[in-house]
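# Report on the structure
Listed below are the residues making up each chain.
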Amino acid sequence: MRAVSVFFTFAILLGSFGLVRGQSVSLDSVSGLVPGNPAAVLAGEEVSFFIRLNNPTSTDYSGVTNGYSVGSPDGAVWTGFVVDTIELSQADFAFGLFINYWGVTGEGADSVGIGAVGLGTGLKPNSSILGYKISVTPDIGSHTKTICLDSSWTPPGGTWKWTASGGITTYPDWDGPHCFTVIDTSQPTGVLVVNPDTLNFIAEEGGPDPSAKTFEVSEASGG
């Protein structure tokens, strides 16, 4: 389900008395990788980051708020910043599932907050679900630049947390940031430079072998 972008108009009001650990949010997989290179993504193709929510406890979380950003430390740009839910279902949260985008420009850092509020139930106990995917399309002009997925501040409260009845608040671990090099596979993967580019040898028939000469081979910058 592709959720509609809305602003959070609520706050999860359950208290923060009992802190629980062991829960986590992780990058499960990535589509749009360069074949054979798990650290690089394809320029000009949709790249999706699949997010897993892990709840190994007996607690049923009725409030879930997590935020993410896609950014670049070296000026990569992209289009199509969008979230699609997978197993995080609105049917499990009585008061709704909300997706709030902000600062979406395709450069710098695009951010999204994902929140869900239930009535006593929500993110089920002893579960590990593929919650949603975050997708972008890196621009071809960003070849060799870097794109990163990380956790992010989420308005209005700004807190990355899960809540449950009985005053339970959990701040799940995040295994990021995750960074990838953008590659346009139509570009040459390397340019070799030979110096000097010509070697001349002088020899006479029946005479000794000419003196040995050497040359250097290097890769051009940016190749």
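Residues numbered from 1 in each chain as written. Predicted model: local features only at pLDDT ≥ 70, side-chain atom pairs only at ≥ 80, totals over all residues. Heavy atoms only, no water.

### Structural notes on the environment of asparagine 126
The topology assignment puts asparagine 126 in the loop between β9 (109-117) and β10 (127-138). Of the residues examined, asparagine 126 reaches a relative accessible area of 59% and is grouped as exposed. For the pair asparagine 126 and serine 58, spaced 68 residues apart in sequence, the C-alpha separation works out to 6.0 Å. Those residues in contact with asparagine 126 that lie beyond four places of it in its chain are Asn55, Pro56, Thr57 and Ser58. (Helix = DSSP H or I, 4+ residues; strand = E, 2+ residues; numbered from the N terminus. Buried < 20%, exposed > 50% of the residue type's maximum accessible area, 1.4 Å probe, protein only. Contact = heavy atoms within 4.5 Å.)

### Brief notes about the state of the cysteines
Tallying each qualifying case throughout the model produces one disulfide. Shown here is the disulfide that connects cysteine 148 with cysteine 179, its sulfur atoms set 2.0 Å apart. Disulfide cysteine 148 to cysteine 179: torsion about the S-S bond roughly 110 degrees, handedness right-handed. Here cysteine 179 lies in strand β15 (residues 178-183) and cysteine 148 lies in strand β11 (residues 146-151), a separation of 31 residues in the sequence. (Disulfide = S-S within 2.5 Å.)

### Looking at unusual backbone geometry
Following glycine 176, the chain continues to proline 177 via a peptide bond in cis, the omega torsion being 5 degrees. Structurally, proline 177 is set in the loop between β14 (173-174) and β15. With a phi angle near 50 degrees, asparagine 126 is a residue other than glycine that sits in the positive phi range. Phi is positive for threonine 144, which is not a glycine, with a value near 75 degrees. Judged by its relative accessible area of 45%, threonine 144 falls in the partly exposed class.

### Topic: the packing of aromatic side chains
What the rule picks out here adds up to eight aromatic pairs. Note on tyrosine 68 and tyrosine 132: the rings are 5.8 Å apart at their centroids and 70 degrees apart in plane angle, and the pair reads as edge-to-face. One end of the pair, tyrosine 68, is in strand β6 (residues 63-71); the other, tyrosine 132, is in strand β10, and 64 residues separate them in sequence. Accessibility assignment for this pair places tyrosine 68 and tyrosine 132 in one class, buried. On the numbers, 6.3 Å between centres and 90 degrees between planes, the contact of tryptophan 102 with tryptophan 153 is edge-to-face. Pair noted here: tryptophan 102 is in strand β8 (residues 96-102) and tryptophan 153 is in the loop between β11 and β12 (161-164), with a separation of 51 residues, a long-range link. Take tryptophan 153: its relative accessible area is 49%, and that puts it in the partly exposed class. An aromatic cluster is defined as three or more aromatic residues linked by ring pairs; in this entry it consists of Tyr68, Tyr132, Trp160 and Trp174. (Phe/Tyr/Trp six-rings, centres within 6.5 Å; stacked < 30°, edge-to-face > 60°.)

### Quick look at a nonpolar patch on the surface
A contiguous nonpolar surface patch, about 270 Å² in accessible area, is contributed by Val194, Phe215 and Val217. By the secondary structure assignment, valine 194 is in strand β16 (residues 192-195). On the basis of relative accessible area, valine 194 is assigned to the partly exposed category, the value being 39%. (Patch = residues over 30% accessible without salt bridge, like charges linked within 9 Å, V, L, I, M, F, W, Y side chains within 5 Å. Areas by Shrake-Rupley, 256 points an atom, 1.4 Å probe, with all protein chains shown as cover. Salt bridge = Lys/Arg side-chain N within 4 Å of Asp/Glu carboxyl O.)

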